[in-house]
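Reading the structure
Listed here are the chains, written in short residue letters.
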Amino acid sequence: MAVVATETPFHVLAVDDSLPDRKLIERLLKTSSFQVTTVDSGSKALQFLGIHDDDASTVSVHAHQLDVAVNLIITDYCMPGMTGYDLLKKIKESSSLRDIPVVIMSSENIPSRINRCLEEGADEFFLKPVRLSDMSKLKPHILKSRCREHSQQDQEQQHQQSDSNSNDCSNPTNKSHSDSSRKRKAEDNEEILPQKNRPRHS
Amino acid sequence: MDYTNLRRQIISMKKSLFDQGYLDEQFNQLEELQDDSSPNFVEEVVALFFKDSSRLLTNIEQALEKYPQDFYRLDSLVHQFKGSGSSIGALRMKNECSMFKAHCNDRNLEGCRRSLQKMKREHATLKQKLETYFHLLRQVGPPERAVNSWK
């Protein structure tokens, strides 16, 4: 069957230590037209992403050697060794990976857990068992992050006063996205300011 | 081969599995994911569950026999079991796992032992029933989903 692909499908890396769950998430993702890679642990996920546990905090060059770009990472929370939360932290600590949207899955509905993940930078939290209807929530996060990435590239290009305009994101709505994403960046920066330095009034 | 009769059997069996609480809505979700590109998906994922859960049952049994019992580890094993059980819609199994976890929490060894026996029975029963169900499905020929008309 000849299929003319107009664009490469988005690639999702799914992390889950449970074999039946891996099969399920893979099927859910494939049914939703994603390209899927599944791994059974956080450390294997990091390996696939091209970073190693020990040097995750440093700027990683390995990630640029990835054969296939990863557009989103979806991971189980409860895993032996490295939990989904630990994996999330490592991804956010990596300058080359932090912009990849991360979704956490868990069979337990624990608000403090959910909040902790979202605060650490997870884009979405799915309660297991994950359903087909949950899959439609993934693409917006991928597109949001891509537009943010392209707007950053635009800014860098302007700084360098580059002549060439090789920009992959030809989406006409990019401008509005980049405005809002830049604004969001500014807000993010404010949130990072250390709270403890503020004077406390009793 | 009487396909009408077979189909009726399949529908009736599935209804009974749901009515008796062996399966829940998640099983329907699995069947919805099955199509021409993945014609044996449900049977495959169920097979993976039974393979995985058999291993877990053995580990749980071993962990219970160890002295002193490591309730933290026991809870973790049952948690895994519960998770994958819920992924295939195994309702009774899921509920029995919750009971087991409660016993772990109370450090109630006898409760855990009783729960394990129940889990093993439920596990064997569900396996047998689903094997029959898939056998019936295969008999009607190319992949056919049981009709959800009675939902």
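Residues numbered from 1 in each chain as written. Chains lettered and ligands numbered in written order. Predicted model: local features only at pLDDT ≥ 70, side-chain atom pairs only at ≥ 80, totals over all residues. Heavy atoms only, no water.

1. Structural notes on helix H5 (residues 91-105) of chain B
Residue and element names in this part refer to chain B. Look at H5: 21 Å from first C-alpha to last across 15 residues, which is about the 21 Å you get at 1.5 Å a residue. Of the surrounding secondary structure, the elements contacted by the buried residues of H5 are helix H3 (41-65), helix H4 (71-88) and helix H6 (109-139). Where H5 terminates, the next one or two residues include Arg107, which has phi positive at roughly 55°. (Helix = DSSP H or I, 4+ residues; strand = E, 2+ residues; numbered from the N terminus. Expected span 1.5 Å × (residues − 1). Contact = heavy atoms within 4.5 Å.)

2. A look at the interface of chain A and chain B
Contacts between the two partners involve 17 residues from chain A, matched on the other side by 21 residues from chain B. Together chain A and chain B conceal approximately 1,600 Å² of surface at their shared face, both sides included; 62% is due to carbon and sulfur atoms. Of all residues in chain A, Pro20, Lys23 and Arg27 of chain A bury the most surface against chain B, accounting for 38% of the area lost on that side. Where chain A meets chain B, there are three salt bridges. Run the count over chain A and chain B and you get five residue pairs in polar contact (both at pLDDT 80 or more). Of the residues forming the side of chain A that touches chain B, the biggest block, eight residues, is contributed by helix H1 (residues 19-31) of chain A. (Buried area = accessible area lost by both parts, 1.4 Å probe. Salt bridge = Lys/Arg side-chain N within 4 Å of Asp/Glu carboxyl O. Polar contact = N/O pair within 3.5 Å; in protein donor to acceptor, adjacent residues only side chain to side chain.)

3. A short note on the confidence of the model for chain B
With 93% of its residues at a pLDDT of 70 or more, chain B has an overall mean of 92. Predicted as a complex, the structure gets a pTM of 0.80 and an ipTM equal to 0.90. (pLDDT = per-residue confidence, 0-100.)

4. Considerations on the UniProt feature "modified residue: Phosphohistidine" (unreviewed entry) in chain B
The UniProt feature table records "modified residue: Phosphohistidine" (unreviewed entry) at His79 of chain B. Assignment of secondary structure puts His79 of chain B in helix H4. Excluding anything up to four places from it in sequence, His79 of chain B contacts Cys78, Ser107 and Glu108 of chain A together with Lys101 of chain B. (UniProt positions renumbered as here; feature names shortened; annotations may be inferred.)

5. Comments concerning the sheet that holds strand E1 (residues 11-15) of chain A
Sheets are built from strands paired through backbone hydrogen bonds, the pairs being either parallel or antiparallel. Residue and element names in this part refer to chain A. In space, the five strands of this open sheet follow the order E2-E1-E3-E4-E5, with parallel pairing throughout. Every interior strand has two partners, whereas the edge strands, strand E2 (35-39) and strand E5 (124-127), have only one. Going across the sheet, the axis of each strand differs from the next one's by a mean of 20°, ignoring polarity. The sheet contact formed by E1 and strand E3 (residues 72-76) spans four bridges and is parallel. Bridge pairing links Val15 to Thr75 in E3. Each of E1, E2, E3 and strand E4 (102-106) touches H1; the most contacted strand, E2, lies at about 170° to it. (Pairing = 2+ DSSP bridges. Axes fitted to C-alpha atoms, helices over the stretch in contact; angles between N-to-C directions.)

6. With respect to the nonpolar core
The biggest cluster of nonpolar side chains holds 60 residues, and the ones touching the most others in it are Leu29 and Ile74 of chain A together with Phe27, Phe100 and Leu130 of chain B. The element contributing the most residues to this core is H3 of chain B, with 11 residues. Setting aside residues no more than four positions away along its own chain, Leu130 of chain B makes contact with Leu17, Leu23, Phe27, Val46 and Phe50 of chain B. Residues Val15, Val70, Tyr77 and Leu97 of chain A belong to the second largest nonpolar core, which totals 24 residues. (Core = buried A, V, L, I, M, F, W, Y, C linked by side-chain atoms within 4.5 Å. Buried < 20%, exposed > 50% of the residue type's maximum accessible area, 1.4 Å probe, protein only.)

7. Some details on the side chain of Glu122 of chain B
Inspection of the secondary structure puts Glu122 of chain B in helix H6. Sequence-distant contacts of Glu122 of chain B, that is, excluding residues within four places in its chain, are made with Tyr22, Arg92 and Met93 of chain B.

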